[in-house]
Amino acid sequence: MPMRDIETRVIEVSEIRIERRDDEPPKIFGYSALFDVESLNLGGFVETVAPGAFTKTIKESDIRGLFNHDSNFVLGRNVADTLSLKEDKKGLLMEAVPPDTQWARDLVVSIERGDITGQSFSFRTVSDQWTNVEEGPDERRLLEVELFDVGPVTFPAYVKTDVAVRSYQEWLAEQITCDTTPRLAIRRRRQELAEIKT
């Protein structure tokens with residue numbers, strides 16, 4: 001799969017925490033994605049994740065828990081039963097059993113101190129839905145995604161990606177091609193602005 005098809009989203013969450021129980025290794029808990037929470041403007045559009053967007057990928061994909069999306073820092077893996085993912089009403093909940101290594105122990109301490117409060121996920125879009133909004137940014141809704149990794153991150157921000165912007169520009173071009181309403185000029189202008197920002 002081309003690397004250019006992979007998108008990353010990072011969110012600031014307060015639910016990331018460490019759970020310690022007697023005679024058990026510490027576990028990292030937190031939401032890697034939240035449903036129906038609007039992103040920042042990603043270059044002419046905003047984005048939300050629909051409930052159920054992760055259902056299929058949780059069952060079928062080989063997903064890693066990574067710190068800062070770095071494959072050198074593997075916190076867990078779902079096929080190894082060291083990473084657990086599930087959807088609830090709020091979003092995508094992650095539970096990882098980090099390895100007993102110095103960097104992982106340091107990470108646990110940093111989370112407990114509140115130094116690291118962000119969670120993130122990287123994905124490829126399987127299905128999405130675009131909506132034109134006359135006033136304000138257009139809207140993208142992620143309906144189904146293929147997950148690659150989830151995990152805590154140092155610098156949380158719901159980030160813009162070139163993949164999403166390319167998808168947005170393709171959708172805008174489609175609208176312009178088939179649209180003969182008075183909003184055509186507005187859509188053309190939005191496309192021009194989106195192209196300038198990339």
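What you see is a predicted model; the values in this text were computed from it and never measured. (Residues numbered from 1 in each chain as written. Predicted model: local features only at pLDDT ≥ 70, side-chain atom pairs only at ≥ 80, totals over all residues. Heavy atoms only, no water.)

1. Describing the nonpolar core
Judged by nonpolar contacts, the single largest core of 26 residues is most densely connected at Ile 28, Phe 54, Leu 85, Phe 121, Leu 147 and Val 150. Taken together, the elements giving at least two residues each to this core come down to strand E3 (27-34), strand E7 (83-87), strand E8 (91-96), helix H2 (102-113), strand E9 (118-131) and strand E10 (138-153). In terms of residue count, E10 provides more of this core than any other element does, 4 residues in total. If we ignore the near neighbours within four places in the chain, the residues touching Val 150 are Ser 32, Arg 64, Gly 65, Leu 66, Leu 83, Leu 85, Leu 92, Met 94, Ser 120 and Phe 121. (Core = buried A, V, L, I, M, F, W, Y, C linked by side-chain atoms within 4.5 Å. Buried < 20%, exposed > 50% of the residue type's maximum accessible area, 1.4 Å probe, protein only. Helix = DSSP H or I, 4+ residues; strand = E, 2+ residues; numbered from the N terminus. Contact = heavy atoms within 4.5 Å.)

2. Observations concerning the confidence of the model for the chain
In the predicted model, the chain carries a mean pLDDT of 82, and 76% of its residues have values of at least 70. Here helix H4 (residues 184-197) stands out as the least confident element of the chain, with mean pLDDT 60; E7 is the most confident, with 97. (pLDDT = per-residue confidence, 0-100.)

3. Concerning the pattern of salt bridges
Tallied over the full model, the rule gives 11 salt bridges. Its salt-bridge partner being Asp 62, residue Arg 64 comes within 3.1 Å of it at the nearest N-O pair. What makes Asp 62 partly exposed here is its relative accessible area of 30%. Here the residues in one salt-bridge network are Glu 47, Asp 128 and Arg 140, joined through shared partners. (Salt bridge = Lys/Arg side-chain N within 4 Å of Asp/Glu carboxyl O.)

4. Points about the packing of aromatic side chains
Across all of its chains, the model carries 5 aromatic pairs by this definition. Judged by centre distance (5.0 Å) and plane angle (70°), the rings of Phe 73 and Trp 103 are edge-to-face. Here Trp 103 lies in helix H2 and Phe 73 lies in strand E6 (residues 70-77), a separation of 30 residues in the sequence. Phe 73 sits in the partly exposed class, given a relative accessible area of 28%. These aromatic residues form a ring-pair network of at least three members: Phe 35, Phe 54, Phe 121 and Phe 123. (Phe/Tyr/Trp six-rings, centres within 6.5 Å; stacked < 30°, edge-to-face > 60°.)

5. What to know about the pairing of E3
With 7 of 8 residues buried, E3 is to be regarded as a mostly interior element. Pairing geometry for strand E2 (residues 17-19) and E3, over 3 bridges, is antiparallel. Among the inter-strand pairings, Arg 17 is bridged to a residue of E3, identified as Phe 29. Where E3 meets E8, 6 bridges bridge the pair, whose relative direction is antiparallel. Bridge pairing in E8 links Ala 33 to Leu 92. (Pairing = 2+ DSSP bridges.)

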